[in-house]
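# Understanding the architecture of this molecule
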Amino acid sequence: MTTLFARIFRQAKVTFEQTNADRFLSHLQNLRALMDQLTLADLNVDPAIVSHETFQQATKAPCTFIDIFENSCFTMSVFVLRENYTMPLHDHPRMHGLLRVVAGSVKIQSFTEIDRREEIRNGDELRHVLVSVEHERIISTGKGESAMLTPAERNYHEITAIGGPAAFFDILSPPYNADIPVYGKRTCSFYRKLLLPGDGANNDGRKRMVLEKIPTPDHYYCDTEQYDTPEFMLGSATNE
């Protein structure tokens, strides 16, 4: 465990506590700058968890989840993906998020909603779809800025490990299932991509896609790994 991770934790608390909302954007940029320096070693996570040998085990899930921290304001976690595995397209309703690759490389395909539709099909079945524009980015360990999503931009995405297993650390605020005024509780929903008629190209060359809500894909399931909570996090848990 390093001093850098303690600084990231303290900055996340400052950023996402409502008492600091008036300086939110500057705090968020400071948090992103700190995360841009983060490595797997800073998190005190065993590097063997991101090895080919680990994922060759017959009973190994395609994804490993490490729950690091959660309170009512934000959550921290690590996901480890098998080579070429894609975490399915999902949403982050009314959330801010930061993602830092700490091992390997990933491709992130993200979408920004530009229209929402509800259509009737097959009798009374309601089809939930939204029209979005596509963004694509490849990020690797130690290179470039941390990826960021906001309540209005890039808050639908899928993540693929490329060139080997990969791990990323993320911070989400507020956490899933947190209850906020007017909107209510957030749950994670999954989607499939449907290209609009024609080539779906926008004026700037980005594709316009329809995202249709689907059940959780059968292939998406995770192993879990225990995490030794550092002393600087103690006393800041969900029921503080």
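To start, this report covers the structure provided alongside it. Quick caveat: nothing in here was measured; it's all calculated off a predicted structure. (Residues numbered from 1 in each chain as written. Predicted model: local features only at pLDDT ≥ 70, side-chain atom pairs only at ≥ 80, totals over all residues. Heavy atoms only, no water.)

### Thoughts on the overall build of the protein chain
Let me state the cut-off plainly: Helix and strand assignments follow DSSP, with helices taken as H or I runs no shorter than four residues and strands as E runs no shorter than two, numbered in order from the N terminus. Working rule for contacts: check all heavy atoms of both residues, and any pair within 4.5 Å makes them a contact. Methods summary: accessible areas were calculated by the Shrake-Rupley approach with a probe of 1.4 Å, and residue burial reflects only the protein chains presented.
When helices and strands are tallied, the protein chain shows three helices and 12 strands. When contacts within the protein chain are restricted to residue pairs at least 6 apart in sequence, long-range pairs at least 24 apart make up 74% of them. Accessible surface for the protein chain amounts to roughly 12,300 Å². Of this, 47% is attributable to carbon and sulfur atoms.

### Some details on the nonpolar core
Using the following cut-off: Nonpolar cores were defined as sets of buried Ala, Val, Leu, Ile, Met, Phe, Trp, Tyr and Cys residues, with membership established by side-chain atoms within 4.5 Å. Burial classes: relative accessible area under 20% of the type maximum marks a residue as buried, over 50% as exposed, and values in between as partly exposed (1.4 Å probe, protein chains only).
If you look at the biggest cluster of nonpolar residues, it comprises 33 residues, and the most contacted ones within it are F5, I8, L43, I68, M76, F169 and I171. At the level of elements, α1 (3-16), α2 (24-35), β1 (63-70), β2 (75-81), β4 (96-121) and β7 (156-173) are the ones that each hand at least two residues to this core. The element that contributes the greatest number of residues to this core is α1, accounting for six residues. Setting aside chain neighbours within four positions, we find I8 in contact with L31, L34, M35, L38, M76 and I171. Within the second largest apolar cluster, 17 residues are counted, among which are V106, I108, I139 and F190.

### Some thoughts on the layout of surface pockets
Test applied: Cavities and pockets are defined on a 1 Å grid built over the protein atoms alone: a cavity is a set of grid points where a 1.4 Å probe fits but cannot escape, while a pocket is an open set with protein on both sides within 12 Å along at least five of seven lines, and lining residues are those with an atom within 4 Å of any such point. Grid points are joined across faces, edges and corners, and a volume is the space filled by probe spheres set on the points. All residues other than Ala, Val, Leu, Ile, Met, Phe, Trp, Tyr, Cys, Pro, Asp, Glu, Lys and Arg, Gly among them, are scored as polar; the first ten of these are nonpolar and the last four charged.
Of the volumes computed, that of the largest pocket is approximately 720 Å³. As for the largest pocket, its lining consists of 37 residues, and the residues nearest its centre are H90, H92, D170, L172 and Y176. Only β1, β2, β3 (86-91), β4, β5 (125-140), β6 (147-149) and β7 provide two or more residues apiece to the lining of the largest pocket. Taken together, the residues of the lining of the largest pocket break down into 19 nonpolar, 10 polar and eight charged.

### Points about unusual backbone geometry
Note: most residues except glycine have negative phi, and most peptide bonds are trans. In this model, S173 is joined to P174 through a cis peptide bond whose omega is -10°. Mapping P174 onto the fold places it in the loop between β7 and β8 (179-180). Backbone geometry places R154, a non-glycine residue, at a positive phi of 55°. One non-glycine residue, N177, lies in the positive phi region at around 75°. Along the polypeptide, N177 turns up in the loop between β7 and β8.

### Details of the packing of aromatic side chains
Our working rule: Pairing of aromatic rings covers Phe, Tyr and Trp, the last counted by its six-membered ring, and requires centre-to-centre distances within 6.5 Å; plane angles under 30 degrees mean stacked, over 60 mean edge-to-face, and any other angle means tilted.
What the rule picks out here adds up to 12 aromatic pairs. These aromatic residues form a ring-pair network of at least three members: F5, F9, F16, F24, F69, F74, F169 and F232.

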